[in-house]
Every structure is written in structure tokens, then in C-alpha cells.
Amino acid sequence: MRRILPVVAVTATLPLVLGTAAVAADDSGDVSVVNTETVQAKLDATGAVKEARVYEQLALTGHGTTTISNPVSTSGLRNLDGFGSFRVEDGRLVTQVDVDGEKRLRTVSDFDGDLPLGVDIRYSLDGKTVAPGDVVGRSGLLEVHYTITNLTSREDEVTFDDGRGGTGTATATTVVPMIGQLVTTLPSTFTDVQSGEAGIAGDGRGGTRLTFQMTLFPPIGAPTAEFGYTAQITKGVVPAASLTSMPVSPLEYPSFKGGSASYASGAESGVDLTTGAITINDNLLRLHDGAAELLAGIEQLNDGAGTLRDGLALEAAPGAGDLAAGLNDKLLPGSRTLADGLNGQIVPGARDLSAGLVGQLAPGAKSLAEGLNDKLAPGAASLAEGLTDVAAPGAAALAKGLNDSAAPGAVELAAGAAALDTGLASARLKAPALIAGLTQVDEGLAKIDKGLADLSTQIGGLPTKAQPLRDGIARMRAGIGSTAAPAPGQQPTLLYAVNAMRTQLGTASSTATSTVTSIGELTLGVTDPTAGLAAFTAMLPAGAQASYTAGLGRVAGGLDQLSDGMTTSATQLGTAAATLALVQCGLSSASLPACDPAKPGLLEGLGGLDAGIGQLATTVVDSVQGGVGTSSDTAEDGTLRGGVNSVRAGVGQIQGGGGELVAGLGRLGDGASKLSTGAGRLSTGLADAASGSQDLADGLAGAATGAAAISDGLGTAAAGSTKVSDGLGSAASGSQRLLAGLQSAATGSRTLSSGIGTAASGSSTLAAGIQRAADGSEQLADGLGTAAGAAPQLVDGAQQLSDEGTSKLVESGATTAAKFGTGYAVLAAGAARTAEEGMAYGAPEGATGATAYSIEIAGADGSGATNAGKGVAALALFAAAAVAGTVLRRRSA
């Protein structure tokens, strides 16, 4: 078994973590293999490459025998551990090594590849571009501008979660991520040194040391870094510079791991924001649709309420008022007057007439007839005999009685009978009109009863018409829902989505806050003099410590900026969470303990609206239907139809009594007619009798001769008395029928008056009930009108919230997801390219290796020779890598 250990490659001025070692193929035993490559390049003062070499080191640790096949540059390949040579096959150094503890194999060869970094240096003196050699020996304001470019850039397609349930694709620049620093020391003849990018420190010998840090990969940095300095120079030279760099994995390198995690967290927050905003927007659109249905239902209900209001206020209420006025002001007083007349006058008069006819006049006429027929006629002879002694005086008295009393009485009787006949005929003619009027009243009441039945039926449909409105409200309430998680397969509710979004933003804010703490710990890991990167300062050469400390300061400053940005993000996420809490309280005041219960949310408002519509429909239906009543109600039930039924019952009774009245008047008329005829005949007979008695009185002188005439006259009188007796008998019988009819009429008139009284009372109740219904329908119409006017605001508000709020929130979330998702995808692609392309030549199979670059940029001083210290940095880098590998192996042992 081979154990692969972590390796740190250290240059002369910057420690660089290269990665984790892997296990190499072995022949036997347990040997771990670590391969480090250090490319040393020399550039002229403009940045052009002059030469480059690569130093290879294989560090083997363990016990056993292993065969190494290491990719190398074979040009100028030399063994740095001795004079022996290596076997090279297909560009690989192949050797079998026995290891007992530790062993190293080191080589150097020409670097025959392309450097991953491009260096371009421009110089200007007093504002004019000059060549490096033109600076030598001159004075003025020197400006040096460096452009370092990561030459591994290429355009790749990267993918990310778009937050909409799919995968977004973007074309982005990816590189093999490189970091590094450039250090140059300016001589004491350079004064007033200025740089916006460098860490500036003295070198302890009167010079100025500038250190520039580079992060040559997006999105944390950029593929190109530009920086420089200006200085006032005397006897100018171009100072040399050293550039150290290495590939890193931004997902694992400590200085960038937090930033990469922030991009991942930002992408997740963007996805969560987009998903939540889409859910909210979908629910808002359902809310918009439900509000539109609600508006349609309210408008339909408003139209029906207007029709109901117009029917009650303009037709039913005025009609009921007219009916009540007619019954109370006219028909009821008239019926009472009729009852009073019949009971107080006509019936007693008819009773007296009947008693007189039956008890006196009829028996008297009968006795007269019997006397004329049975006695007077037979006694005519005796009369003739006694005319002289008795008849004359008696005739004179008879003439006087007939002419002075009986004849005028008969005339008065005939006139009274005729007047009675005429009055009864008039009553008989007007009684049908009364019956017809009552029939019309009954028909009118029947129409009112039908109208009330229709009103009760139509108002009973109000809950059904209101149901679509309540269904729309129910769908809106269901769409808003609660904070409970939806069951599998169910659509999340608006309140759940808002609560989840608020919770996620709060969590993201807390995560960002925790990240700030982690960044603080990372900053401490950089600056802590005992456990941080600052602890390496003492391990470096004295001349490199100041620039290394300055570099750590810049890293710490970058971390502080990252901490500030993350703090701002945490604050903004917290503000967004608090804003969504307000939105959540606006949706439902019961959804969060922090919501003000005194300010109901939309869900509670919809519940109140639904309850109000239900109560309104139920109250109106119950009130109107209760006030209208049913077809079986009576006046005692206190309902409109009960009053109408009582009125109709009274009218029926009046109609029944009216029929009896008409029949009685008919019978009374017949009797009165016969009475008039008999009375006329009686008057005629008495007139004849008076005339005869006068003749008798005049002819008493000739009694003998007038006896025959007397006998004839008495025969006529007997016949007339018989007729009078018959007529008076009929009159008596007719008067009894008249009395019975008038009594029935009187009874019917009382029933009529009572029924009309009941009808009048019921009509008043009906009018009051219909007026209340009209008032209620007016309030219902006004309320629905207000609701119809306000409902479009709910529809428009939901659409506006979707268009101007959640849709933009979706776009913002998608933009955030794309920005951070693309950034993280670029970082991940860079990490993958580091793993695949990070080494100049590659490591043996099963081993882990890393490559560092040490680039010396020549100066110009007019001597034609290179600056002192040439090659020192490469050797220091190579030696430091070996030392670091040894230290790490000892720590892991």
C-alpha cells in the first residue's frame, strides 16, 4: 500500500498548498509518492520569455520496492542527486526504487511547454512611452504598468439550476485557476513611490519593496490582473521583479473555499427565491381568477338585488299600501255602515212589518173575507129589510168610515208597499255589484298572494345565487391556505410558499451571518501569529518576511471586504425575510405570532366576507320568507300571506252572506211586489166600497130597489175581500221571508265587516312587511353595489401584485440564481481543470502532484548583465518544496 500525503509547495515569498497526494502503483511494500514540479522562467524587462526550466522532485516514503513512471521534459534532462542517468520511455522517466524510510529523486530539464501566464510590462517616463533601456540613467516621473494574463482561458458552456425546475446554460470564461504575487524592490533613487494595488514596505537598505497579489480566475478575480506604480527617479534603472504563481482549486483552497461556498449559497438562495416567488405568483394568479369569479358573482347578485329592490319598492310596497288604504279607509267603514243599517233599521222595520201583516192585517183581512162571504152576503136580505131602520144610519157611518179612514189607509198601505217594492228592487240590483266588487277584491288578493309566493320563492333562491360568490371566496381562501406543508401531490398554498420563502430567507440570513463568523475565523487563520499563515513568516528569509506580511495583510483586507459584503447580504436577506413576514401577516394575521390580531389579514377578511354574505343571504331569506309566510297561514301567524288569507276568508264570508242577502232581497222583493199588488187591490176595493157605501147611503131611500144592487156590491166586496185576504196572506208570508233574508243579510254584513276588518289589519301588516322587505332590499342592493365597486380593486390588485411584485421577484430570483449559479459553475469548472490540467507534465500514476511557477523578470541598469540574485528564487522554491514535503510527512507519521 502507498499512502499519499498532503503537500504544500512553498516559494521564496508565498506558501502555496498544492493538493492531496494519491497512492502510486507499487511492486511490493508500502510506499507513498509525492511529485512536485517547479517551473523557473526568465523574462526580459518587457515580459518576453528568454528561457525556462522545470525542476522535478519525487518524494518517496515508506518501505518496499516500487516502479516509478513519471512524465517529464526530456530535453536537457539531468539528475540533480548524482551523476547517474535515468531510463526514459515515451516521455516518461522510468525507474525502480527501493525505499526504506525516505528517498528523493530530483531532476531538471528544459521547459518545452507554454507558460500558463502571459506577462506584459509597459514603461513611460514623464508621460511618454519608453523602452526599458531608455529609462537607464534618466530622471523624471517613471510609471511602470504590469499586465498579467492567465493564458488558459477558454469559453465553456456551464449549467446551473435556474430555479424554475430546469437547468440553465450559459457560455462563460473558464481558466485553470491561478494565484500568485509579484515582488519588486525599488532602489533608494526611487522616491515618492505611489501604487494603488501594491503592499509597500521598506527593504531595510533604503529601498522600497512592492508586493502585488493576484487572483487570476473568475468570478472571485479575473483572468487578467493589471497593476503598477509610479516614482520620481534619479539616475534611473529598471528594477527586476519576481513572480510566483501556482494553480489552485477554488473549492478547496482555504483562502477561496469560503468565497466558493458563498457563491454556492447565493445560487441556492436564488433558486429558493425563484421557486418560492413562482409559487407565490401562481397562487396570486389563482387569487386573481377567484377574484374575477367573485366579481362576476357580486355583479350578478347586484343585478338581482336591484330587480328585487325595484319590485318591492316600486310595485309591491305601493300596491300593498293602496290595498291597506282601500280596505281601512273605504271598504271597512262601508261594510260597517251596511251592517249598522241592516241590523239597526232594515231588520227591525221588516220585523215590525211582518208582525203587522201576520198578526193584524192578514187575520183582519181573513176575518173580513169570512164576514163578507159567510155573513154579509147571506145577510144582504136581512140588510135590505132593515135598510130603512138600520142600514141608512149604518151606511152613512160606513160611508164616513170608508171615505175618511179605510180608503185613505188603503191608499197609504198601497203607497208604502210600492215604496218597499221599489227599495227592495234597488237593493236587489245593487247587491250583485257588491258581490262583484268583493269578487274583484278576492281576485286582487289572490294575485297579491301569488306575488308573495313568487317573492318567497325568488328570495329563497338568493343563497343559491350567492353560492358562486361563496365558492369563489372558498377557492381564494383555499389558494391562500395555511403555513402547513402540502400533502404529496398537492399544490403548495400561497401562505405556505410565503412562509417557506420567509423561513428560507431567514435561514439564508443566519447562514450569511454564520459565514461572516467563518470569514472572521478564516481571517484569524491568516493573521494569527501562532496558528495562522502568519506563523510561516519566521520560516521565510528575512528579506521576504515584510512582503509576505504585506501579502497576508492584503488577503486579510480582502476577507474583511468579503465579510462586509456578506454582512450586507445577511442584513438584506433579514430585511427581505421581515418584509415577507409583513406580507404573510397581510395574508393572515394568525399565520405568525408577531402578527397584530387587531389587523385581520386577507384570509380573515375573506372569511368575514364569506360569513357576512352567508348571514346576509340567510337573514334576508329567513326575514322575507318569515314575513311572507305560507299558504296555510292566518292573521294570527302575523305573516303577509296569513293576512291575505284572512282577508280572503272574510271576503268569502262576505260573498256567502252577500249571496244570501241577494236571495233574501229577491224573496223580499217578491213578497213586497205581491203586497203592493194586494194593497192596490185593497185600495181599489175600499174605494169601491166607499163609493158603494156612498151609493148605499144615497140609495137608502130606495132600499127596496137598491137591495139587489147591495147584494151585488156585497158579492163584489166578498170577492175583493177574499183577494185582499189572499194578498195579505202572501204579504205576510213574503214579509216573513223578507225578515229572514234581512236577518241573513244582517248576519252576512257583520261577517263582511269582521272579514274586512281582518283584511284591513292583514293589509296593514302586509304593507309594513313589504316596506321592511323593500328597505332590506335597498340595503342589500347598496351593499352589493359597494362590493361590486370594490371587487375590481381586488382583481386589479392581485394582477398588479403579480405584474409588479412577484413577477419581478421571480426575475430577481432567476437573475440571482443565474449569477451565482454561473459563478459557482465557473469555480467548479476551474477546480476540474486544475485537477486535469494543473500540472505542467503530470504525476506518476497513483501519485498526486502539483506545479509551481517561479518567473524572474529582468531589470535594466545599463551594465548588460542581469540583476543579482538571478536563480536564487527558483532554488529557494525548490528547496522550500522539499522542506515542506518532509515536514508534512513527519507530521503525518
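Thresholds applied
Residues numbered from 1 in each chain as written. Predicted model: local features only at pLDDT ≥ 70, side-chain atom pairs only at ≥ 80, totals over all residues. Heavy atoms only, no water. Helix = DSSP H or I, 4+ residues; strand = E, 2+ residues; numbered from the N terminus. Buried < 20%, exposed > 50% of the residue type's maximum accessible area, 1.4 Å probe, protein only. Disulfide = S-S within 2.5 Å. Pairing = 2+ DSSP bridges. Axes fitted to C-alpha atoms, helices over the stretch in contact; angles between N-to-C directions. Core = buried A, V, L, I, M, F, W, Y, C linked by side-chain atoms within 4.5 Å. pLDDT = per-residue confidence, 0-100. Contact = heavy atoms within 4.5 Å. Expected span 1.5 Å × (residues − 1). Bend = angle between axes of the 7 residues up to and from the residue. Phe/Tyr/Trp six-rings, centres within 6.5 Å; stacked < 30°, edge-to-face > 60°. Salt bridge = Lys/Arg side-chain N within 4 Å of Asp/Glu carboxyl O. Parallel < 35°, antiparallel > 145°, perpendicular 65-115°, else oblique. Left-handed = near helix turned anticlockwise from the far one by under 90°. Nonpolar A, V, L, I, M, F, W, Y, C, P; charged D, E, K, R; others polar.

Peer 1: Sorry, what's going on with the overall build of the chain here?
Peer 2: Along the chain, the regular secondary structure elements total 11 helices and 19 strands. A burial count over the chain gives 45% of its 893 residues as buried.

Peer 1: Looking at this structure, I do not really get the state of the cysteines. What am I missing?
Peer 2: As used in these notes, a disulfide is a covalent bond between sulfur atoms, one from each of two cysteines. A complete count under the given rule lists one disulfide for this structure. Sulfur-sulfur distance for the disulfide between C585 and C595 comes to 2.0 Å. As the torsion about the S-S bond is roughly -85°, the C585-C595 disulfide counts as left-handed. Taken together, the residues span a long stretch of sequence, with C585 in helix 7 (residues 542-587) and C595 in the loop between helix 7 and helix 8 (602-628) at a distance of 10 residues. In terms of burial, C585 and C595 fall into one category: buried.

Peer 1: Teacher, can you tell me more about the sheet that holds strand 14 (residues 190-194) here?
Peer 2: For sheets, the rule is that strands pair by backbone hydrogen bonds, running either parallel or antiparallel. With antiparallel pairing, the five strands of this open sheet are ordered in space as 9-8-10-17-14. The outermost strands of the open sheet, each flanked by one partner alone, are strand 9 (128-130) and strand 14. Shown here is a sheet whose adjacent strand axes are inclined to one another by a mean of 30°, direction ignored. Where strand 14 meets strand 17 (residues 224-233), three bridges bridge the pair, whose relative direction is antiparallel. Within strand 17, the position partnered with T191 by the bridge is Q232.

Peer 1: Which parts of the structure should I look at to understand the nonpolar core?
Peer 2: Inside soluble globular proteins, nonpolar side chains tend to come together where they are buried. Counting 73 residues, the largest nonpolar core has L452, L766 and I770 as the members making the most contacts within it. Looking at this core, the elements with two or more residues in it are helix 2 (254-376), helix 4 (387-460), helix 5 (462-480), helix 6 (494-527), helix 7, helix 8, helix 9 (640-699) and helix 10 (703-837). Among the elements that line this core, the one with the most residues is helix 2, at 15 residues. The next biggest cluster of nonpolar side chains, apart from the first, holds 41 residues, and it includes Y123, L142, M178 and Y229.

Peer 1: Which parts of the structure should I look at to understand unusual backbone geometry?
Peer 2: Working note: non-glycine residues mostly have negative phi, and peptide bonds are mostly trans. With an omega dihedral of 0°, the bond running from P218 to P219 counts as a cis peptide bond. On the secondary structure map, P219 appears in the loop between strand 16 (208-215) and strand 17. Here the phi dihedral of D126 falls at roughly 50°; this positive angle occurs in a residue that is not glycine. You can see D126 is positioned in the loop between strand 8 (117-125) and strand 9. A positive phi angle, near 50°, is found at D192, a position not held by glycine. By the secondary structure assignment, D192 is in strand 14.

Peer 1: Would you mind showing me how to read the confidence of the model for the chain here?
Peer 2: Regions with low pLDDT carry predicted coordinates that are not meant to be interpreted in detail. The pLDDT averaged across the chain works out to 80; a share of 83% of its residues lies at or above 70. Across residues 1-26 the pLDDT falls below 50, and counting only partners more than four positions away or on other chains, this stretch makes 118 contacts in the model. Every residue in residues 865-893 is under pLDDT 50, and counting partners more than four places away or in other chains gives 45 contacts.

Peer 1: What am I meant to see in helix 5 here?
Peer 2: Owing to its 3.6 residues per turn, the α-helix aligns residues three or four sequence positions apart on the same side. Here helix 5 is 19 residues long and its end C-alpha atoms lie 27 Å apart, about the 27 Å a rise of 1.5 Å per residue gives. The sharpest bend along helix 5 reaches about 30° and sits at P468. Buried within helix 5 are the following residues: L462, A466, L469, G472, I473, M476, G479 and I480. A positive phi of about 65° marks G481, the residue just after helix 5.

Peer 1: So what exactly am I meant to see when it comes to the side chain of T184 here?
Peer 2: With respect to the helices and strands, T184 occurs in strand 13 (residues 178-186). Residue T184 is classed as buried on the basis of its relative accessible area, which comes to 1%. Setting aside residues up to four positions removed in sequence, T184 forms contacts with Y146, T208, R209, L210, Y229, P239, A240 and A241.

Peer 1: Could you clarify how one ought to interpret the pairing of strand 15 (residues 199-202) in this entry?
Peer 2: Every other side chain in a regular strand lies on the same face of the sheet, so the side chains alternate between the two faces. In terms of strand pairing, strand 15 meets strand 16 through four bridges, oriented antiparallel. Pairing of G202 across the sheet is with T208, part of strand 16. Taking the residues between adjacent antiparallel strands as the criterion, strand 15 and strand 16 are bridged by five residues, where G204 takes a positive phi near 85°.

Peer 1: Looking at this structure, how should I read the packing of aromatic side chains?
Peer 2: Each aromatic ring pair is described using two quantities: the centre-to-centre distance and the angle formed by the ring planes. One pass over the full model with this rule turns up seven aromatic pairs. Plain terms: the ring middles of Y146 and F212 are 6.3 Å apart, the flat faces sit at 50° to each other, and that makes the pair tilted. In this pair, Y146 is assigned in strand 10 (residues 140-150) and F212 in strand 16, connecting sequence segments 66 residues apart. Classification of Y146 as buried rests on a relative accessible area of 2%. Judged by centre distance (5.3 Å) and plane angle (80°), the ring pair of F217 and F256 falls under edge-to-face. Of this pair, F217 sits in the loop between strand 16 and strand 17 while F256 is found in helix 2, placing the two residues 39 residues apart along the sequence. In terms of burial, F217 and F256 fall into one category: buried. Through a chain of ring-to-ring contacts, three or more aromatic side chains come together here, namely Y146, F212 and F227.

Peer 1: Got a minute to help me understand the pairing of strand 8 in this structure?
Peer 2: Counting buried residues along strand 8, seven of its nine residues qualify, which places the element largely inside the surrounding structure. Of the strand pairs in this sheet, strand 8 and strand 10 are connected by nine bridges, and their pairing is antiparallel. Following the sheet pairing, D120 is matched in strand 10 by T147. Where strand 8 lies against strand 9, three bridges are found, and the strand directions are antiparallel. Within strand 9, the position partnered with Y123 by the bridge is V130. Turn length for the strand 8-strand 9 hairpin, with the two strands adjacent in sequence and antiparallel, is two residues, and the turn residue D126 shows positive phi of about 50°.

Peer 1: Got a minute to help me understand the pattern of salt bridges in this structure?
Peer 2: Side chains bearing opposite charge may pair, as long as their charged atoms lie close to each other. Considering all chains together, one arrives at 10 salt bridges under this definition. Measuring nitrogen to oxygen at the nearest pair gives 2.8 Å for the salt bridge that ties D610 to R470. Remark: R470 occurs in helix 5 and D610 occurs in helix 8; sequence separation between them is 140 residues. Since its relative accessible area comes to 14%, D610 is described here as buried. With a relative accessible area of 28%, R470 lands in the partly exposed category. Between E837 and R833 there is a salt bridge, and its shortest N-O distance comes to 3.0 Å. Taken together, the positions of E837 and R833, both in helix 10 and four residues apart, correspond to about one turn of that helix.

Peer 1: Whenever I open this one, the environment of A131 confuses me. Can you help?
Peer 2: Mapped onto the elements of the fold, A131 is located in the loop between strand 9 and helix 1 (132-135). For the pair formed by A131 and A45, sequence separation is 86 residues and the distance between their alpha carbons is 9.0 Å.

Peer 1: Would you explain the side chain of T834 in this entry?
Peer 2: Tracing the chain through its elements places T834 in helix 10. Given the relative accessible area of 15%, T834 is considered buried. Excluding residues within four positions of it along the chain, T834 makes contact with V176, P177, P247, V248 and S249.

Peer 1: Explain the packing of helix 6 against helix 7 to me, please; I cannot follow it from the model alone.
Peer 2: Packed helices, taken two at a time, are described by their axes: the angle between them and the distance between them. Their axes nearest at 8 Å, the elements helix 6 and helix 7 cross at an angle of 165°. The angle between helix 6 and helix 7 falls in the class roughly antiparallel. Read as a crossing pair, helix 6 and helix 7 show a hand that is left-handed. Of the residues that constitute the contact of helix 6 with helix 7, the class distribution is 25 nonpolar, 11 polar and two charged.

Peer 1: What's the story with the environment of L285 in this structure? I'm lost.
Peer 2: As for its position among the elements, L285 is in helix 2. The exposure class of L285 is partly exposed, given its relative accessible area of 32%. Distance in space between the C-alpha atoms of L285 and S802 is 7.1 Å, their sequence separation being 517 residues. Once residues within four sequence positions are removed from consideration, L285 is found in contact with Q799 and S802.

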